Amino acid sequence: MMKSLLVGYKAADLDRVSFEGEIVCHELDVYLAHAIAAVHPEIRTVCSAHLPRTDEDGSKWNRICFRTGPKLMSGELALDLLQEAYGILAEDATSDKIWKERLVIDYVGRERDRNDLIDRIKDDPRRVRSFEAKWPASVPGGEKLIFASTPGCFCHRRLDEGGLALAEVVSRGAECPDSSARILDMGCGCGLVGLLVADFVRKLKGAAPALTLIDSHTRAIEAAMKNAASFGIVAQMMLSDSGIDGHPELEGAFDVFVGNPPYYSDYRIADVFLQTAVKALKKGGVCYLVCKNAAGLEPVQKRYFPEVEIINRRGYAVLKSVKG
Ligand SMILES: C[S@@+](CC[C@H](N)C(=O)[O-])C[C@H]1O[C@@H](n2cnc3c(N)ncnc32)[C@H](O)[C@@H]1O
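Conventions and cut-offs
Residues numbered from 1 in each chain as written. Predicted model: local features only at pLDDT ≥ 70, side-chain atom pairs only at ≥ 80, totals over all residues. Helix = DSSP H or I, 4+ residues; strand = E, 2+ residues; numbered from the N terminus. Rg over C-alpha atoms; globule rule 2.2 N^0.38 Å. Buried ≥ 20, exposed ≤ 12 C-beta atoms within 10 Å, placed from the backbone. Contact = placed C-beta atoms within 7 Å. Near = placed C-beta within 6 Å. Nonpolar A, V, L, I, M, F, W, Y, C, P; charged D, E, K, R; others polar. Pairing = 2+ DSSP bridges. Axes fitted to C-alpha atoms, helices over the stretch in contact; angles between N-to-C directions. Right-handed = clockwise from strand over helix to strand, strands pointing away. Domains from an automatic or database assignment.

## Regarding the overall build of the protein
Item 1. Tallying secondary structure elements over the protein gives ten helices and 14 strands in all.
Item 2. Its C-alpha radius of gyration of 21 Å places the protein within 12% of the 20 Å reference for a compact globule of 324 residues.
Item 3. The principal-axis extent of the C-alpha atoms belonging to the protein is close to 65 × 40 × 35 Å.
Item 4. Per-residue burial for the protein yields a buried fraction of 40% across its 324 residues.
Item 5. The long-range fraction of contacts in the protein, counting pairs at least 24 apart against all pairs at least 6 apart in sequence, stands at 69%.

## Overview of the site of the ligand
Item 1. What surrounds the ligand is a group of 22 residues, the closest being Gly163, Gly187, Gly189, His217 and Asn260.
Item 2. Counting residues per element, the ones that place at least two in the shell around the ligand are α7 (192–205), β9 (210–215) and α9 (268–280).
Item 3. Residue composition of the shell around the ligand, grouped by class: 13 nonpolar, six polar and three charged.

## Thoughts on the sheet that holds strand β2 (residues 22–27)
Item 1. With parallel pairing, five strands are arranged side by side in an open sheet as β3-β2-β1-β4-β5. Unpaired on one side and paired on the other, β3 (44–47) and β5 (103–107) mark the two borders of the sheet. With strand direction ignored, the average angle separating the axes of adjacent strands in the sheet is 25°.
Item 2. Sheet analysis places strand β1 (residues 3–7) next to strand β4 (residues 63–68), joined by four bridges and oriented parallel. Looking at β4, one finds that leucine 6 is bridged to cysteine 65.
Item 3. Where helix α3 (residues 75–89) meets the sheet, its contacts fall on β1, β4 and β5, and the angle it forms with β4 comes to roughly 175°.

## Some details on the pairing of strand β8 (residues 182–186)
Item 1. Of all five residues in β8, four are buried, a share of seventy percent or more.
Item 2. One ladder, built from five bridges, connects β8 with β9; its direction is parallel. Paired with leucine 184 across the two strands is threonine 212, which belongs to β9.
Item 3. For the crossover that starts at β8, traverses α7 and ends in the parallel β9, the hand is right-handed.

## Some points on the domain arrangement of the protein
Item 1. Examined at the domain level, the protein breaks down into domain 1 (3–122) and domain 2 (155–322).
Item 2. Put simply, the middle of domain 1 and the middle of domain 2, counted by C-alpha atoms, are 33 Å apart.
Item 3. Each partner contributes to the interface: domain 1 provides eight residues, whereas domain 2 provides eight residues.
Item 4. The class makeup of the residues in the side of domain 1 that touches domain 2 is five nonpolar, two polar and one charged.

Quick look at the structure:
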């Protein structure tokens, strides 16, 4: 039976397309994998930072169907995934066969852009490009750390000013945690906030605090792991879209919670972050969330914490609350 790996498809896309034979859906983000499982429990999903070379029983994909386009993902991520898909199929098929039968591009956008994307692989199919980027970040008085990121991971190729503002606020003066503190960085991306703070505390106080990094995106966790190892910081990594759910041992375990949530779905994700903060912090533990619009986030944060202090930095607002 024909076995296809679907890449770049979301739950809603699967309502309108039907595929011949057996399908397995690849997702980079566990939230998207859970969304498919909720709507299509009959479809198997695999959530990983890179495309699986085979199915779990070792059988090969007959076809890879790749849904992409400028509104769906960055050009670099599209090229990176296309290169991985081509490399997997190239193990047992000729280039001609791959392009004609085995790699199906479901392109959402202009035909010209679709052809440009394919040409970039077609012209030199044996070349494997690395899309990893390295860039520096530091907080005042801290070491310059060189972070690595890959396409799909937030932030790729550049530092996020909101994350930096948060790290600066949490590491300055009286806010700076003790080396005995336990810190949770939710939505850690490549680890920017948690790792900058942990490294600063280590420099100032002689030992790094215990750090837990959570993200729903596999490439964020992959990059955060790599960055923690390269800075010599031991951190617990968790791939999760629901905070510490399923980990009762982490309830009430943390002294500090930091988060730079995405705000593209209003405050729905910030809400998940705040639910986690309340659950994860011990009494007297401190929650810091960064945003652009304090007036929008403050009422949401007040649903979870009675008091909210606003600290302005770099054009961002850090909202600080203490768990009572
Ligand atoms: C704005 S980025 C911040 C990344 C990093 N903390 C920084 O400041 O550069 C938000 C991060 O939250 C992650 N995210 C989104 N929804 C999430 C959820 N439900 N649970 C955990 N992480 C989530 C995204 O994958 C992304 O890495």
